[in-house]
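Structural characterization, general
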Amino acid sequence: MMAMFRSFVSASSQLRQQQQQQQQQQQPGGSSSSSSSSPGSGAAPAESIESQFSCPICLEVYHKPVSISSCTHTFCGECLQPCLQVTSPLCPLCRVPFDPKKVERSSSVEKQLASYKAPCRGCSKKVALVKMRSHIASCSKVQEQIANCPKFVSVVPTSQPIPSNIPNRSTFVCPFCGARNLDQQELVKHCMDNHRNDPNKVVCPVCAAMPWGDPNYKSSNFLQHLLHRHKFSYDTFVDYSIDEEAALQAALALSLAEN
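Residues numbered from 1 in each chain as written. Predicted model: local features only at pLDDT ≥ 70, side-chain atom pairs only at ≥ 80, totals over all residues. Heavy atoms only, no water.

**Considering the overall build of the chain**
Heads up, the rule is: Put simply, DSSP marks the helices as runs of H or I at least four residues long and the strands as runs of E at least two long, and each gets a number from the N terminus on. Buried, partly exposed and exposed residues are distinguished by accessible area as a fraction of the type maximum, computed with a 1.4 Å probe on protein chains only: under 20%, between the cut-offs, and over 50%, respectively. For every accessible area listed, the method is Shrake-Rupley and the probe measures 1.4 Å; residues are considered covered only by the protein chains on display.
Regarding its fold elements, the chain presents ten helices and seven strands. Evaluated residue by residue, the chain yields a buried proportion of 30% over its 259 residues. Element-wise, carbon and sulfur atoms account for 52% of the exposed surface of the chain, whose accessible area totals about 17300 Å².

As C-alpha cells, this is what we get:
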C-alpha cells in the first residue's frame, strides 16, 4: 500500500513539473506570466492549483475542504479523517497538536474553488477548480500522461534476505471475524464498531504477538482488555530483544534514576 502511495505521489509530481515546463516553453521568452486575475474574472494563475488550492496530502484540488482552527492549515475532509481517529492528533503539515472538535468546514476555500478557473494539466482547457477533479478523471490527455509515467522502483534494491522468524507486531487479525491488516488503533475501532456485543472469549492478538504473551489465553472481556491494556503502542517503550525479567529490571533502574 505504501509503495502504491509513493508511486502515485511521484507520478503526480512529475506530471506537474512537465505541465509547468510546457507552459513556460509556450510563452514568449520562456518565462511564465506573473499576472493574476481577480475572483470576479473567474481566472486563476496557473500555479494556483499547486500553491493555493491543492491538498498537501493527496496533492489534488481540495474536495470538501476543512481547516484546523489552531494552525489554519486546510485539507480535504476525507484526507484528514485518519488523523481524527487517534487520541492526540497532529496536523499532517506542521505537526502541531490540535483538537479534533475544532476542525471546521472551510467555506471561504469552497467559494474560491467555485470562483477561480485554471488550465487542465492535460488538455489546457480552463476549468473551474471545483470541477477540476471530475474533469481530470475523464481527460484523455491526463490519462495518457499517467500511463506514460515511469513506475516507482527502489533506488537501491536491497540484497539482504528478509528474516522470516520475526513476528509481525505492526498489524493484527481480528479474533472475532478474521479481518486482517489492522494496526492497534484500527483493531480497537473495528471491534468497537462490529463486535461490541460479542460474548465470545478470544485470544488477544496484540498480547499473543509479544515475547511474553500467552497465545492460548482467552480474555473474558476482550473489548475492555483492548481499551485498558493497549492504550499505547509497545514499540514506543519495549525492547523486544530482552526478556520480561530484564525489561522489568531496566524499568526499575530507570525509575530510580529519574527519582
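Back to the write-up after that little detour.
**A short note on the environment of His-195**
Heads up, the rule is: By definition, residues are in contact when any of their heavy atoms lie within 4.5 Å.
The residue His-195 is located in the loop between helix H7 (184-194) and strand S6 (202-203) in this model. By relative accessible area, which is 11% here, His-195 ends up buried. Along the backbone, His-195 and Cys-174 are 21 residues apart, and their C-alpha atoms lie at a distance of 9.8 Å. Excluding residues that lie within four positions of it along the chain, His-195 makes contacts with Cys-174, Phe-176, Cys-177, His-190 and Leu-223.

**A look at the pattern of salt bridges**
Test applied: The rule for a salt bridge is simple: a side-chain nitrogen of Lys or Arg has to be within 4 Å of a carboxyl oxygen of Asp or Glu.
If you walk through the whole model with that rule in mind, you get three salt bridges. Salt-bridge contacts for Asp-193 lead to Lys-189; the nearest nitrogen and oxygen are separated by 2.9 Å. On the criterion of helical spacing, the pair formed by Asp-193 and Lys-189 is a turn pair, its members being four residues apart in helix H7. Residue Lys-189 is classed as partly exposed on the basis of its relative accessible area, which comes to 41%.

**Considerations on unusual backbone geometry**
A positive phi is found at Leu-59, a non-glycine position, where the angle reads about 65 degrees. Considering the arrangement of structural elements, one finds Leu-59 in the loop between helix H2 (48-51) and strand S1 (65-68). Unlike most non-glycine residues, Thr-72 shows phi in positive territory, near 65 degrees. Mapped onto the elements, Thr-72 comes out in the loop between S1 and strand S2 (74-76). Assessed through its relative accessible area of 58%, Thr-72 is described here as exposed.

**Brief notes about the side chain of His-135**
Mapped onto the secondary structure, His-135 falls in helix H5 (residues 132-138). Among all residues touching His-135, those that are not within four sequence positions of it are Cys-120, Cys-123, Lys-125 and Val-127.

**Quick notes on the packing of H7 against helix H9 (residues 222-229)**
Worth spelling out the cut-off: As a rule, the C-alpha atoms of each element are fitted with a line to give its axis, helices using only the stretch in contact, and angles between N-to-C directions run from 0 to 180 degrees. In a left-handed crossing the near helix is turned counterclockwise from the far helix by less than a right angle, and in a right-handed crossing that turn is clockwise. When residue character is reported, Ala, Val, Leu, Ile, Met, Phe, Trp, Tyr, Cys and Pro are called nonpolar, Asp, Glu, Lys and Arg charged, and the others, Gly included, polar.
The interhelical angle for the contact between H7 and H9, taken along N-to-C directions, is 145 degrees, at an axis separation of 10 Å. Once H7 is placed against H9, the crossing between them reads as left-handed. Residues Leu-187, Val-188, Cys-191 and Met-192 of H7 pack against Phe-222, Leu-223, Leu-226 and Leu-227 of H9. Of the residues assigned to the contact of H7 with H9, the class counts are eight nonpolar, no polar and no charged.

**As for H9**
Three- or four-residue spacings in an α-helix give side chains the same orientation, since the helix completes a turn every 3.6 residues. Let me state the cut-off plainly: Note that the arc is defined by the directions from the helix axis to the C-beta atoms.
Buried residues of H9: Phe-222, Leu-223, His-225 and Leu-226, and no others. Buried residues along H9 cover an arc of 160 degrees about the axis, so they all sit on one side. Looking at the buried residues of H9, the elements they touch are H7, S6, helix H8 (205-209) and strand S7 (218-219).

**Quick notes on the confidence of the model for the chain**
Quick note on the threshold: The pLDDT value expresses, per residue, how confident the predictor is, ranging between 0 and 100.
Here the chain shows a mean pLDDT of 77. Residues at 70 or above account for 68%. By mean pLDDT, the top-scoring element of the chain is S1 (95), and the lowest-scoring one is helix H1 (residues 2-26) (51). Contacts for the low-pLDDT stretch residues 26-46, under 50 throughout, to residues beyond four places or in other chains number 22 contacts.

**Thoughts on H7**
Stated precisely, the cut-off is as follows: In protein, a polar contact means a hydrogen-donor-capable atom and an acceptor-capable atom, both N or O and within 3.5 Å, with residues adjacent in sequence counting only if both atoms are side-chain atoms; elsewhere, any N or O pair within 3.5 Å suffices.
Every buried residue of H7 is listed here: Gln-184, Leu-187, Val-188, His-190, Cys-191 and Met-192. Considering only its buried residues, H7 is in contact with H8 and H9. For H7, the N-terminal capping position is held by Asp-183, with its side-chain oxygen 3.2 Å away from the main-chain nitrogen of Gln-185.

**A word on the pairing of S1**
Using the following cut-off: Two strands make a pair as long as DSSP finds a minimum of two bridges between them.
A two-sided burial pattern is seen for S1, the buried positions comprising Pro-65 and Ser-67 on one face and Val-66 and Ile-68 on the other. Between S1 and S2, which pair antiparallel one after the other, the connecting turn spans five residues, and Thr-72 there sits at a positive phi close to 65 degrees. Pairing of S1 with strand S3 (residues 103-105) involves three bridges; the strand directions are antiparallel. By the bridge assignment for S3, Ile-68 is matched with Val-103.

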